[in-house]
Amino acid sequence: MPLLEANSVVVRYQGRDEHGRSRLWAAVDGVSFSVEEGERVGLVGESGSGKTTLGKALLGIEPLSGGKVLFRGHDVHKMKGGGLEAFRRGAQMIFQDPLGSLNPRMTVGDTLDEVLLVHRLAAKAERPARVDELLGQVGMDVGYKRRYPHEFSGGQRQRIGIARALALNPAILVADEPVSALDVSVQAQILNLIRDLSETRRMAVILVAHDLAVVNYVCDRVLIMNKGRVVEEGPTREVFRNPKHPYTQLLKASVPDPDDVRIVTLPEQQELTRPPVSQSW
């Protein structure tokens, strides 16, 4: 049984055509695929291709207009009570804008502690040590737990978002453009972190991205999306080296050869902490 399975998933929105007439349009149109334990799958396409909407639909964040999403054989969009709570622990998402997903009034330590408290994952006396452990797992100093989100760089905020997801020990992580807003050197650090965590924890990853080199570096398999549909899929390197669909060929032609891109990890100290900013919330 696959870990996660999408069966003919459809997501439609109400909109208007060029004449101003109301109509439904499909952001995701009949997508089917599955993800195995520990597998890393890339969703690639230009803006508006439906990849982010699909990622949210897989986690139950976006309602379906048709089809099913199954997590370990259970329908995600029909889950209730304890089943839904277990799914939310088992499937997590990190977002393109980490600052927007972090509470500006809460320190990093309180943010991580809240997850442990709400999901009853550790006794009160054990939670401080668990918070320190989570920060260490994403390469951050435990002293940072007393700071607020605005005191960190973009890459460090993304690490905090990953630590918050890891607190639940998820079986699958959906990463929505996690490095597109970061400098190249910091991108490498975050991508290496995601890949290493996937390997050490056997955690599946769905990486939503428009950058072919990023997906080529992280993912075992790739799905190419265009206008809400998957037009090509297969092993990442095979698809990028020998694309079959005209849209995939166009994507590859529009960027440097993904195999020629070298992602190099720079020393951790190059990712600097922003000086504290005096703000009143």
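Read on for a plain summary of the structure.

Rules used throughout
- Residues numbered from 1 in each chain as written.
- Predicted model: local features only at pLDDT ≥ 70, side-chain atom pairs only at ≥ 80, totals over all residues.
- Heavy atoms only, no water.
- Helix = DSSP H or I, 4+ residues; strand = E, 2+ residues; numbered from the N terminus.
- Rg over C-alpha atoms; globule rule 2.2 N^0.38 Å.
- Buried < 20%, exposed > 50% of the residue type's maximum accessible area, 1.4 Å probe, protein only.
- Contact = heavy atoms within 4.5 Å.
- Areas by Shrake-Rupley, 256 points an atom, 1.4 Å probe, with all protein chains shown as cover.
- Lys, Arg positive; Asp, Glu negative; His and termini not counted.
- Charge placed at Lys NZ, Arg CZ, Asp CG, Glu CD.
- Pairing = 2+ DSSP bridges.
- Salt bridge = Lys/Arg side-chain N within 4 Å of Asp/Glu carboxyl O.

## Section: the overall build of the chain
The number of helices and strands found in the chain is nine helices and 10 strands. Relative to the compact-globule value of 19 Å for 281 residues, the chain shows a C-alpha radius of gyration of 19 Å, a close match. Taken along its principal axes, the extent of the C-alpha atoms in the chain is 55 × 45 × 45 Å. Among the 281 residues that make up the chain, the fraction classed as buried is 49%. Intrachain contacts of the chain at a sequence separation of at least 6 include 68% that bridge at least 24 residues. Element-wise, carbon and sulfur atoms account for 49% of the exposed surface of the chain, whose accessible area totals about 13,800 Å². Each charge sign in the chain was given a centre, from 36 positive and 35 negative side chains, and these centres are 4 Å apart.

## Here's the deal with the pairing of strand 2 (residues 22-35)
In terms of strand pairing, strand 1 (residues 4-16) meets strand 2 through 11 bridges, oriented antiparallel. Directly across from Arg12, in strand 2, lies its bridge partner Ala26. Here strand 1 folds back onto strand 2, and the loop between the two strands holds five residues, one of which, Gly20, carries a positive phi near 85 degrees.

## Here we look at the pattern of salt bridges
This model, assessed by the stated rule, comprises 11 salt bridges. A salt bridge links Arg72 to Glu37; the shortest N-O distance between them is 3.4 Å. Of this pair, Arg72 sits in the loop between strand 4 (66-71) and strand 5 (74-75) while Glu37 sits in the loop between strand 2 and strand 3 (40-44), placing them 35 residues apart in sequence. Judged by relative accessible area, which is 36%, Glu37 ranks as partly exposed.

## Examining the environment of Leu24
The topology assignment puts Leu24 in strand 2. Distance in space between the C-alpha atoms of Leu24 and Val208 is 24 Å, their sequence separation being 184 residues. If we skip the residues at most four places from it in the chain, Leu24 touches Arg12, Tyr13 and Gln14.

## Considering the environment of His74
Its place among the elements puts His74 in strand 5. In this structure the C-alpha to C-alpha distance between His74 and Glu5, which are 69 residues apart in sequence, comes to 9.6 Å. If we ignore the near neighbours within four places in the chain, the residues touching His74 are Val69 and Met79.

## Describing the side chain of Gln187
Tracing the sequence through the fold places Gln187 in helix 6 (residues 184-201). For Gln187, a relative accessible area of 16% translates into the label buried. Beyond its immediate sequence surroundings of up to four residues, Gln187 is in contact with Val179, Leu182 and Val214.

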